[in-house]
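Single-letter residue listing:
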Amino acid sequence: MDQPSRLLNKNYFLLWQGQFVSQLGSQVHSIAMMFWIKHATGSATLMGTIMMLSMLPGIILGPFGGTFADNFSRKKIIVISDILSGIAVLALAGILFYSPDNVSLAIVWLFVIGIGMGIVSAFFRPAISAAIPDLVPRDKIAAANSMNQSSFQISSLMGQGAGGVLFRVLGAPVLFLIDGITYLFSAVSEMFITIPQTIPERAPGFKPIMKKFLTDTGIGFKYVWNNKGMRAVFFTATLLNFLISPIAVLLPFYIEDHLHLTPDWFGFLIAANGVGALIGYTAAGTIKVSGKVRSFVLISFLSLVGVDLALLGWSESGPLSVALMLFFGILAGAININIVTVLQLTTPSEIRGRVFGLLGTIVGGLTPIGMGLAGVIADLLDNNITLIFIICGLTMAAVNLMMAFNRHFREFMACEVKADETESNKLNS
């Protein structure tokens, strides 16, 4: 199959629209789940445990999910993942419809869904990231990533904005029903996609298959480790996520104890960050720059993110904090699109799933640790949020300034890939 000549071709559009609809359903699902748990049990521990367990499978299984995406049909992985997710959520809706008083059964099924969808996500996400570069022109990959991330951000804003109202008006069972239907809609849409992929031959028998599977996973690790520029990017992205993670945990304390504002401002800050990310995604996907300019801009943005976080800790004004969160979102959105696009462009299709599976594991692995440490450190420092934000921000800025002197990082982010370039890269290049 030849490389597509335009961005909004049939295959990419079907994938994009299916993902947008299912993401919108997922956002509403999250709101419904949180409010249902609060009303049914009043347990914050239960809510946190379910959210944590839903993250862990993706972190642990990421490299294996990536290997799976390189050795089996990415289309089938994507379709089956959405079907399984849809069936699981519809079952939860059925439990709440037909046995609304059986809280224990619903909670057990919420755990099943959290863990199960976490496992599915470990295979689904690398398959999506690996497939996108083969569905659009090579010079439109950044635009495709921008559309994907923008649709996710829009669905988040819409879902989070309307989720509370919909929960009050329709109730959790109806919202879970809608979410399950959106997954099945996405699966049907994806059935009509053609994803070009060369699937390697597999030796018969369980042991040879497992041996090759483990060997291929090891090749993914080796590929990233041997590429010094890619290795530096992984390190930077991991550090960035680790140092940013305290915001998610400490934002309510920051608003009430530091800014001395009402909880309404939580929504304002989150919305500002979301709108900023949307601007960053759009700009990164539409503004074309040379490789050298991209490298310079990315390093500058990485440092500015740290400065922005430090200023957020220093700010004592609600409007100023909103502006800083908006700017934070713009920087983070642009950084995300550029890093993902360069990784897709520089990684051969036959190993792309492993690279993105490994990226999800390494980058995501420290996020729960950062969240846990943030809470402990905040208690030890008597909720001195200002000091925590400033230290995290300045540390981030200092490390990213160091990356400006890393030749491998600069050259990797400055790569130039022509639109007609074929993926003849060697795995050991």
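Before any of the text, the structure's been laid out above.
Residues numbered from 1 in each chain as written. Predicted model: local features only at pLDDT ≥ 70, side-chain atom pairs only at ≥ 80, totals over all residues. Heavy atoms only, no water.

A. Quick peek at the overall build of the protein chain. In terms of helices and strands, the protein chain carries 15 helices and zero strands. On the principal axes, the C-alpha backbone points of the protein chain span a range of 55 × 55 × 40 Å. Considering the protein chain as a whole, with its 429 residues, one finds that 48% of them fall into the buried category. Long-range contacts, defined as pairs at least 24 residues apart, comprise 87% of the intrachain contacts of the protein chain with a sequence gap of at least 6. For the protein chain, the exposed surface amounts to about 19800 Å²; the carbon and sulfur share of it is 70%. In the protein chain, which carries 26 positive and 23 negative side-chain charges, the distance between the mean positions of the two groups comes to 12 Å. (Helix = DSSP H or I, 4+ residues; strand = E, 2+ residues; numbered from the N terminus. Buried < 20%, exposed > 50% of the residue type's maximum accessible area, 1.4 Å probe, protein only. Contact = heavy atoms within 4.5 Å. Areas by Shrake-Rupley, 256 points an atom, 1.4 Å probe, with all protein chains shown as cover. Lys, Arg positive; Asp, Glu negative; His and termini not counted. Charge placed at Lys NZ, Arg CZ, Asp CG, Glu CD.)

B. Examining the side chain of His-258 more closely. With respect to the helices, strands and loops of the structure, His-258 is situated in helix H9 (residues 246-258). Relative accessible area serves as the criterion here: at 14%, His-258 is assigned to the buried category. Side-chain polar atoms of His-258 contact the side chain of Thr-386, separated by 3.0 Å. (Polar contact = N/O pair within 3.5 Å; in protein donor to acceptor, adjacent residues only side chain to side chain.)

C. Inspection of the environment of Leu-387 at higher detail. Topologically, Leu-387 is positioned in helix H14 (residues 385-403). Since its relative accessible area comes to 34%, Leu-387 is described here as partly exposed. Each C-alpha atom, one on Leu-387 and one on Gly-313, is 7.0 Å from the other, the two residues being 74 residues apart in sequence.

D. Seen up close, empty space enclosed by the protein. Inspection of the entire model under this criterion finds two cavities of 30 Å³ or more. Each pocket or cavity is described by its volume, and for the second largest cavity that value is around 30 Å³. Pro-63, Thr-67, Thr-217, Gly-220, Phe-221, Arg-354 and Leu-358 together form the lining of the second largest cavity. Those elements giving two or more residues to the lining of the second largest cavity turn out to be helix H2 (44-71), helix H7 (206-226) and helix H13 (349-380). Classifying every residue of the lining of the second largest cavity by side-chain character gives three nonpolar, three polar and one charged. (1 Å grid on protein atoms, 1.4 Å probe; cavity = no way out; pocket = protein on both sides within 12 Å on 5 of 7 lines; lining within 4 Å. Points joined across faces, edges and corners; volume = space filled by probe spheres on them. Nonpolar A, V, L, I, M, F, W, Y, C, P; charged D, E, K, R; others polar.)

E. Broad picture of a nonpolar patch on the surface. Judged by side-chain polarity, Leu-366, Ile-369, Leu-373, Val-376, Ile-377, Leu-380, Leu-381, Leu-387 and Ile-391 come together as a nonpolar surface patch covering roughly 750 Å² of accessible area. At the level of elements, H13 and H14 are the ones that each hand at least two residues to the nonpolar patch. Top contributing element to the nonpolar patch by residue count: H13, with six residues. (Patch = residues over 30% accessible without salt bridge, like charges linked within 9 Å, V, L, I, M, F, W, Y side chains within 5 Å. Salt bridge = Lys/Arg side-chain N within 4 Å of Asp/Glu carboxyl O.)

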